[in-house]
Amino acid sequence: MDLSTIVEGGNPAAIVVQGIIQELDQDRNVVFQWRTLDHIPVTDSYEDLKAATIRYVHNNGVWVDHDGDLLVSLRHCSSVIRIDRASGNIKWLMGGKRNQFTFTSAVAGVADPVFSYQHDIRRTKNGISLFDNGTFRIPQYSRAVDYRIDENAKTAELVWTYRHTPEIYTSLQGGVQTLSNGH
């Protein structure tokens, strides 16, 4: 892509690596395909858009929701999106540069409910959980988070978090899973 027309100092011959989500049937035929460049602008990325090669979204988690729609974690955009599986349209975008949600916290002492460079999106009884790598937080630390989501009002209320003691920052990877006993 010619990123010199999009970003000052952008490479005129940049290699932009997009994310693709595919569903295959048992015979390995593609029955659903979704490409990030058709829906997510390159400028949503927090990666260096002046580089020669850019993995601009890094989709690292897909959750098939109760109604068949897809919840997708886009790490390099610090966002989670909901994709309408029938149309392929984005229903909402939470976090990142084009965030549509208001973040609040119901957790005592937690003033920063926003996540960054996350992994492992999952639907929970409250809404969604994820592993917040915390790349943009100063000082940096990683944590597990659970949000109560109101998709109509576009609110994301942090209702649970876990931080290791002493604090740990995980710049790459990570995951969180709520066990049946609530831990």
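Everything discussed here concerns the structure shown above.
Note that this is a predicted model, so its numbers are computed, not measured.

Caption draft 1: Structural context of the packing of aromatic side chains. The tally for this structure, following the rule as stated, stands at 6 aromatic pairs. Ring plane angle 75 degrees and centroid distance 5.9 Å describe the contact between Phe103 and Phe115, whose orientation is recorded as edge-to-face. With Phe103 in strand β9 (residues 102-105) and Phe115 in the loop between β9 and β10 (119-123), this pair connects stretches of sequence that are 12 residues apart. For Phe103, a relative accessible area of 15% gives the class buried.

Caption draft 2: How the structure looks around the pattern of salt bridges. Counted by the stated rule, this structure contains 15 salt bridges. Note that Glu23 and Arg85 form a salt bridge whose closest N and O atoms lie 2.4 Å from each other. Here Arg85 lies in the loop between β7 (79-83) and β8 (90-95) and Glu23 lies in strand β2 (residues 20-24), a separation of 62 residues in the sequence. Given the relative accessible area of 25%, Arg85 is considered partly exposed.

Caption draft 3: How the structure looks around unusual backbone geometry. Residue Ile138 is joined to Pro139 through a cis peptide bond whose omega torsion reads 0 degrees. Tracing the backbone shows Pro139 in the loop between β11 (127-132) and β12 (143-150). Of note in this structure, His58 is not a glycine but carries a positive phi near 50 degrees. Position of His58 among the secondary structure elements: in the loop between β4 (53-55) and β5 (59-64). According to the relative accessible area criterion, His58 is partly exposed, its value standing at 24%. Of note in the backbone geometry, Lys154 takes a positive phi value of approximately 60 degrees without being a glycine. For Lys154, a relative accessible area of 23% corresponds to the partly exposed category.

Caption draft 4: Quick look at the side chain of Arg75. In this structure, Arg75 sits in the loop between β6 (70-74) and β7. Although Arg75 is buried, it makes no salt bridge; Glu47 carries the closest opposite charge, 6.7 Å away. A polar atom in the side chain of Arg75 sits 3.5 Å from the side chain of Asn133. For Arg75, the residues in contact, after removing those within four places along its chain, are Val57, His58, Asn60, Tyr117, Gln118, His119, Asn133, Ser171 and Leu172.

Caption draft 5: Main features of the sheet that holds β8. With respect to topology, 4 strands assemble into an open sheet ordered β5-β6-β7-β8, the strand pairing being antiparallel. Pairing within the sheet leaves two strands with one partner each, and these edge strands are β5 and β8. Strand-to-strand, the axes of this sheet are offset by a mean angle of 15 degrees, without reference to chain direction. For β7 and β8, the ladder comprises 5 bridges, and the chain directions are antiparallel. Along β8, the bridge assignment pairs Val80 with Met94.

Caption draft 6: Representation of the nonpolar core. Residues Ile40, Ile81 and Ile83 are the most contacted members of the largest nonpolar core, which totals 20 residues. Of all the secondary-structure elements, those providing two or more residues to this core are β3 (30-35), β6 and β7. The contact partners of Ile40, leaving out residues within four places of it in the chain, are Trp34, Tyr56, Val57, Leu74, Cys77, Ile81, Ile90, Leu93 and Arg98. Core analysis: the next-biggest nonpolar cluster, separate from the first, contains 17 residues, Phe101, Val107, Ile128 and Val145 among them.

Analysis parameters
- Position numbers for residues count from 1 along each chain, tracking the sequence in the order it is written.
- Local features are withheld for residues below a pLDDT of 70 in this predicted model, meaning they are given only at 70 or higher, and side-chain atom pairs are given and counted only at 80 or more; totals for whole chains, interfaces and linings count all residues.
- Only hydrogens and water are removed before side-chain values are computed, so all heavy atoms of the structure are retained for them.
- Only rings of Phe, Tyr and Trp enter the pairing, Trp through its six-membered ring, and a pair is recorded when the two centres are within 6.5 Å. The plane angle decides the type: under 30 degrees is stacked, over 60 is edge-to-face, the rest tilted.
- Strands here mean DSSP runs of E at least two residues long; helices mean DSSP runs of H or I at least four residues long; both are numbered from the N terminus.
- Residue exposure (1.4 Å probe, protein chains only): buried if accessible area is under 20% of the type maximum, exposed if over 50%, otherwise partly exposed.
- Any carboxyl oxygen of Asp or Glu that lies within 4 Å of a side-chain nitrogen of Lys or Arg is treated as forming a salt bridge with it.
- Here the positive residues are Lys and Arg and the negative ones are Asp and Glu; neither His nor the chain ends is included.
- The definition of a polar contact used here is a pair of N or O atoms within 3.5 Å, where within protein one atom must be able to donate a hydrogen and the other to accept one, and adjacent residues in sequence count solely through side-chain atom pairs.
- It only takes one pair of heavy atoms within 4.5 Å for two residues to be counted as in contact.
- Should DSSP find at least two bridges between two strands, the strands are regarded as paired.
- In this analysis, axes come from line fits to C-alpha atoms, helices being fitted only over the stretch in contact, and the angle between any two N-to-C directions falls in the range 0 to 180 degrees.
- In plain words, nonpolar cores are sets of buried Ala, Val, Leu, Ile, Met, Phe, Trp, Tyr and Cys residues tied together by side-chain atoms within 4.5 Å.

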